[in-house]
Amino acid sequence: MSLARHRKNPAAPITARPIVTLTSDFGLRDAYVASMKAQICRICDRARLIDVSHGVPAQDILCGSIVLERAVDGFPAGTTHLAVVDPGVGTDRRLLIVAVNRQFVVCPDNGLITWTWRMHPGAIAHELIWRPAKYSATFHGRDVLAPVAGMLADGQSLETLTRPIDDPILFDITPACATDTSGQIIHIDQFGNATSNISARMLPAESKLQVQLRGKRVRPLRLKRTYWDVAPGKPLALIGSSGLLEIAVRDGSAARELKLAVGDLINIKS
Amino acid sequence: MSLARHRKNPAAPITARPIVTLTSDFGLRDAYVASMKAQICRICDRARLIDVSHGVPAQDILCGSIVLERAVDGFPAGTTHLAVVDPGVGTDRRLLIVAVNRQFVVCPDNGLITWTWRMHPGAIAHELIWRPAKYSATFHGRDVLAPVAGMLADGQSLETLTRPIDDPILFDITPACATDTSGQIIHIDQFGNATSNISARMLPAESKLQVQLRGKRVRPLRLKRTYWDVAPGKPLALIGSSGLLEIAVRDGSAARELKLAVGDLINIKS
Amino acid sequence: MSLARHRKNPAAPITARPIVTLTSDFGLRDAYVASMKAQICRICDRARLIDVSHGVPAQDILCGSIVLERAVDGFPAGTTHLAVVDPGVGTDRRLLIVAVNRQFVVCPDNGLITWTWRMHPGAIAHELIWRPAKYSATFHGRDVLAPVAGMLADGQSLETLTRPIDDPILFDITPACATDTSGQIIHIDQFGNATSNISARMLPAESKLQVQLRGKRVRPLRLKRTYWDVAPGKPLALIGSSGLLEIAVRDGSAARELKLAVGDLINIKS
């Protein structure tokens, strides 16, 4: 019986710990984030709350997806991640609990789980069916998702809150394959570094590699190990801290200086 | 005896829990907020510290008052809220501990408690008489208010620190009455949404309602349930997450596009 | 034997507590700070994490040094401070654990410890020799320093991680001496207040003091006790909350209005 249950739901035996991270596009000037934290504390008094980012650009679900994956990648098993970039609040879009990398993600079903889903195989999606007796039409992050994050951190089981689904909404971005010779820019960070979907594992030996940026111009870049391997102001390609190929400018903004944007193609030549 | 005491001070039996929230206009670039947190930790080592906002515009006590109320509304009984927007630091303005909504607020007596006081009837104000042996002239948030927040979180009783008063300084903004047909804008959030002092309880049925913005122009708006009920870029009125009537622009800034400011009149026609 | 050990290393008997503060130039939009917090939580599950600032201007080690000192000044004994402004990441610059003011600072050896070292005599520097089995070339804050902060917070001893050194890199800024009649501006805060290296202890009686700003112009300022001692918009000198002489403009920015910058000379005349 327990075997059968595990086959249906390998995420079941995750033991929660009372760490809850928060990712949103709510900014830090108003009390929206604190309102979510208040609801988590109401359910799980001992929760330790850790902000990932509330500076996701407004309604930029893809950006939120990339930021969220970094948290899921780093935190220990049993952590709960609350992620709210939710332009569809008040519509009938679904809400999710995703069991992934031995952790829980609570978020709207609008693509926000995409990059976490792609980078951490074996994720299992559940539609949240629990709702409070009364809740607003405009702030499900506070009224529905935050209490659920508190329940998970408090040790409540997924089964009572959800039903399994197999069709979470995912954006059409994927890690590049080992046989690919091109990829694309998936994220521009606040410093103007451009992260691609090309992982270090897929690349041939560093010294032999050339990176071509297509679009406004073709610019071949050699792959370097650190920023210090080029002069100040010079562009470079390197393996960033997320294990993905990054385009950067030492002491500068690659996005601005090389006119890079999310979606730009990157070609690899060895 | 205990009855008499309760009649004089209904706030007495609040049982503190070691959650302290922080609201200020100190920003996040320097160490001012951390200096307050350090003093709280010195008094109450197990305190769990939760930032509400440190992005209140400099010296904007009214804005701080609206943000603070959201925290008092959400957190569980026994929470202590430290709020410091304090342009009068170094003068002889009083300091307060207010028992409200089964929680404590520690703040200067300069109007910062106003919106919390208006929205949560039964608040009781106390003047803080405790002072440390030595403290600076320019940072009472760190030297006086933060240690007091730590003491409350640690379970110390109000009585030893304060004397009751009945005249805290309050701004002249109040929730609109059920018989009012007009109200005003009391807050512009970071996204440009304009919150009014008109609560959902005071409004007639939604579909019949028109909202008029007076001033630079008269613009009638129908009351909607969510942002999705209008096209992108279009203005709407809705009940915001704080239960108050809000003016918003879908995917835009109502403050900028409708030229709204705090104090603007709003008329209701059913 | 224990005496000999104490003579060699007076920092040994610091008893850690599970408070870890974080200071960096990583900003708050991406997940870099959360990635460090994740590693701390992996090592020390009960760690309480407190942000000092992640708004240090990019690669501004001196600014980070001033901000960090405020945290070291305020927090209780046993606190661990993780500070990462690290333009040299990926080079062979050393990493440090500094025992100072009964606390630990974990940071790169690039001058970031300077102001803490100057203001808290008796600091002892240790070179971090511990390294994880595998770590990135671009994010030692996450891969090396954060785990070490977690180990210290968890009670692990310095000796197993480090070797003592006596030559940490220090910038050439020092507190002004009692016999000095001039000093310099060492920090501009986010409000435009200019902090000097002149401490209150070195100054003659307040009312007799004149402060001259040299450079673009000579402007004598009287020393005041609070901002309220001058009219709005007027400049003043006062003892700031860090105990150092500050130049400010009431309700304005001294840096902008008086054209002040880090390094500007300040003369004192009594």
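Student: Please clarify how the overall build of chain A should be interpreted in this entry.
Tutor: Helix and strand counts for chain A stand at 6 helices and 14 strands. For 270 residues, the compact-globule estimate of 2.2 N^0.38 gives 18 Å, and the C-alpha radius of gyration of chain A, at 20 Å, lies within 12% of that figure. Seen through its principal axes, chain A has C-alpha atoms that stretch 60 × 50 × 30 Å. With 270 residues in all, chain A has 59% of them scored as buried. The long-range fraction of contacts in chain A, counting pairs at least 24 apart against all pairs at least 6 apart in sequence, stands at 66%.

Student: Would you mind going over empty space enclosed by the protein with me for this structure?
Tutor: Any empty space left between atoms is shown by rolling a water-sized probe over those atoms. This model, assessed by the stated rule, comprises 4 cavities of 30 Å³ or more. If you add up the space inside the largest cavity, you get close to 360 Å³. If you trace the largest cavity, you find 20 residues lining it, with Leu49 and Ile50 of chain A, Leu49 and Ile50 of chain B together with Leu49 of chain C closest to the centre. Those elements that place two or more of their residues in the lining of the largest cavity are α2 (32-43) and β2 (48-53) of chain A, α2 (32-43) and β2 (48-53) of chain B together with β2 (48-53) of chain C.

Student: It is not clear to me how the interface of chain A and chain C should be interpreted in this structure. Could you clarify?
Tutor: How big an interface is tends to be reported as the loss of accessible area on association of its parts. The partner chain C presents 29 residues to the 32 residues of chain A that form the contact. Summing the contributions of chain A and of chain C, the shared interface buries around 2,500 Å²; its carbon and sulfur component is 52%. Per-residue buried area on chain A facing chain C is highest for Gln190, Trp228 and Ser241 of chain A; these three make up 23% of the total on that side. One can count 2 salt bridges joining chain A with chain C. When the shortest N-O distance is used, the salt bridge between Arg17 of chain A and Asp45 of chain C registers 2.6 Å. The interface formed by chain A and chain C contains 16 residue pairs in polar contact (both at pLDDT 80 or more). At the level of elements, β2, α3 (61-74), β8 (182-188) and β12 (235-239) of chain A are the ones that each hand at least two residues to the side of chain A that touches chain C. Along the lines of polarity and charge, the residues of the side of chain A that touches chain C split into 15 nonpolar, 9 polar and 8 charged.

Student: Explanation requested: the side chain of Gln39 of chain B in the structure shown.
Tutor: Structurally, the position occupied by Gln39 of chain B is in helix α2. Residue Gln39 of chain B is classed as buried on the basis of its relative accessible area of 19%. Filtering out sequence-adjacent residues up to four positions away, Gln39 of chain B remains in contact with Arg142, Ala146 and Pro147 of chain B together with Gly74 of chain C.

Student: Is there a simple way to think about the sheet that holds β2 of chain B in this case?
Tutor: Remark on secondary structure: sheet strands pair via backbone hydrogen bonds, oriented parallel or antiparallel. All names here are of chain B. Read from one edge to the other, the open sheet built from 7 strands follows the order β2-β1-β3-β5-β4-β6-β7, with strand pairing classed as mixed. Every interior strand has two partners, whereas the edge strands, β2 and β7 (162-165), have only one. Within this sheet the neighbouring strands show an average axis-to-axis angle of 25°, counted without direction. The strands touched by helix α5 (residues 140-153) are β1 (19-24), β3 (80-84), β4 (95-100), β5 (103-108) and β6 (124-128); relative to β3, the strand with the most contacts, the crossing angle is about 170°.

Student: Where do I start with the side chain of Asp109 of chain C in this structure?
Tutor: All names here are of chain C. Structurally, Asp109 is set in the loop between β5 (103-108) and α4 (114-119). By relative accessible area, which is 4% here, Asp109 ends up buried. A distance of 2.8 Å separates a polar side-chain atom of Asp109 from the backbone nitrogen of Ile169. Once residues lying within four places of it in the same chain are set aside, the contact partners of Asp109 are Arg93, Arg94, Leu95, Leu96, Pro168 and Ile169.

Student: Just to check I follow, could you spell out the relation of the copies chain A and chain C for this structure?
Tutor: There are two copies of the chain, and a rotation about an axis plus a shift along that axis relates them. Between chain A and chain C, which share one sequence, the superposing operator has a rotation angle of 120° and an axial displacement of 0.0 Å; the RMSD is 0.0 Å. Read as a symmetry element, the transformation amounts to a three-fold axis. Using C-alpha coordinates, one finds that chain A approaches the rotation axis most closely at Arg48 of chain A, a distance of 4.6 Å. Residue by residue, only 3% of the interface of chain A is reproduced at the interface of chain C, so the copies engage with different surfaces.

Student: Help me out: how do you make sense of the state of the cysteines in this one?
Tutor: In protein structure, a disulfide is the covalent linkage between the sulfur atoms of two cysteines. Following the criterion strictly, the structure yields 0 disulfides over all chains and no others. In this structure Cys63 of chain B is not part of a disulfide, and its nearest cysteine sulfur, from Cys107 of chain B, lies 15 Å away.

Student: Mind showing me how you'd approach the packing of α3 of chain A against helix α2 (residues 32-43) of chain C here?
Tutor: Geometrically, a packed helix pair is captured by the angle between its two axes and the distance between the axes. Taken N-terminus to C-terminus, the directions of α3 of chain A and α2 of chain C make an angle of 15°; their axes are 9 Å apart at the nearest point. Relative to α2 of chain C, the element α3 of chain A is oriented roughly parallel. Seen along the crossing, α3 of chain A lies across α2 of chain C with a hand that is right-handed. Contact residues: α3 of chain A offers Arg70, Asp73 and Gly74 of chain A, while α2 of chain C offers Ser35, Ala38, Gln39 and Arg42 of chain C. Taken together, the residues of the contact of α3 of chain A with α2 of chain C sort by class into 1 nonpolar, 3 polar and 3 charged.

Student: Help me understand unusual backbone geometry in this model?
Tutor: In most cases, non-glycine residues show a negative phi, while peptide bonds are predominantly trans. The phi dihedral of Lys259 of chain A falls on the positive side, at around 55°, and the residue is not glycine. Turning to its location among the elements, Lys259 of chain A is positioned in the loop between α6 (254-257) and β14 (265-269). Its identity is not glycine, yet Asp251 of chain C carries a phi of approximately 55°, on the positive side. For Asp251 of chain C, the location among the structural elements is in the loop between β13 (244-249) and α6 (254-257).

Student: Please explain the packing of aromatic side chains as it appears in this structure.
Tutor: In this description, a pair of aromatic rings is defined by centroid distance and the angle of the planes. In the structure shown here, the tally under the stated rule is 12 aromatic pairs over all chains. Between Tyr32 of chain B and Phe191 of chain C, the aromatic rings sit 6.4 Å apart at their centres with planes inclined by 35°, giving tilted as the arrangement. Within this pair, whereas Tyr32 of chain B is found in helix α2, its partner Phe191 of chain C is found in the loop between β8 (182-188) and β9 (194-199), the two belonging to separate chains. For Tyr32 of chain B, a relative accessible area of 19% corresponds to the buried category. Joined through ring pairs, the aromatic side chains of Phe26, Tyr32 and Phe139 of chain A together with Phe191 of chain B make up one cluster. A cation over an aromatic ring shows up here: Arg250 of chain B above the ring of Trp228 of chain B, its NZ or CZ 4.7 Å from the ring centre.

Student: Help me understand the pairing of strand β11 (residues 219-224) of chain B in this model?
Tutor: Moving residue by residue along a regular strand, the side chains alternate between the two faces of the sheet. Residue and element names in this part refer to chain B. Alignment of strand β10 (residues 210-213) against β11, held across 4 bridges, turns out to be antiparallel. Across the sheet, Gln210 pairs through a bridge with Arg222, a residue of β11. Where β11 and strand β12 (residues 235-239) come together, 2 bridges link them in parallel fashion. Across the sheet, the residue bridging to Leu223 is Ala237, located in β12.

Student: Sorry, what's going on with the relation of the copies chain B and chain C here?
Tutor: Note on the copies: chain B fits chain C at an RMSD of 0.0 Å, the axial shift is 0.0 Å, and the rotation between them is 120°. Comparing interface residues between copies, only 3% of those in chain B also lie at the interface in chain C; the contact surfaces differ.

Student: Help me understand the pattern of salt bridges, please; the structure alone is not making it clear to me.
Tutor: Pairs can form between side chains of opposite charge whenever their charged atoms are close. This model, assessed by the stated rule, comprises 39 salt bridges over all chains. Through salt bridges that share partners, Arg17 and Arg48 of chain A together with Asp45 of chain C make up one connected network.

Quick notes on the rules
Residues numbered from 1 in each chain as written. Chains lettered and ligands numbered in written order. Predicted model: local features only at pLDDT ≥ 70, side-chain atom pairs only at ≥ 80, totals over all residues. Heavy atoms only, no water. Helix = DSSP H or I, 4+ residues; strand = E, 2+ residues; numbered from the N terminus. Rg over C-alpha atoms; globule rule 2.2 N^0.38 Å. Buried < 20%, exposed > 50% of the residue type's maximum accessible area, 1.4 Å probe, protein only. Contact = heavy atoms within 4.5 Å. 1 Å grid on protein atoms, 1.4 Å probe; cavity = no way out; pocket = protein on both sides within 12 Å on 5 of 7 lines; lining within 4 Å. Points joined across faces, edges and corners; volume = space filled by probe spheres on them. Buried area = accessible area lost by both parts, 1.4 Å probe. Salt bridge = Lys/Arg side-chain N within 4 Å of Asp/Glu carboxyl O. Polar contact = N/O pair within 3.5 Å; in protein donor to acceptor, adjacent residues only side chain to side chain. Nonpolar A, V, L, I, M, F, W, Y, C, P; charged D, E, K, R; others polar. Pairing = 2+ DSSP bridges. Axes fitted to C-alpha atoms, helices over the stretch in contact; angles between N-to-C directions. Least-squares fit on C-alpha atoms with pLDDT ≥ 70 in both. Disulfide = S-S within 2.5 Å. Parallel < 35°, antiparallel > 145°, perpendicular 65-115°, else oblique. Left-handed = near helix turned anticlockwise from the far one by under 90°. Phe/Tyr/Trp six-rings, centres within 6.5 Å; stacked < 30°, edge-to-face > 60°. Lys NZ or Arg CZ within 6 Å of the ring centre and 35° of its normal.

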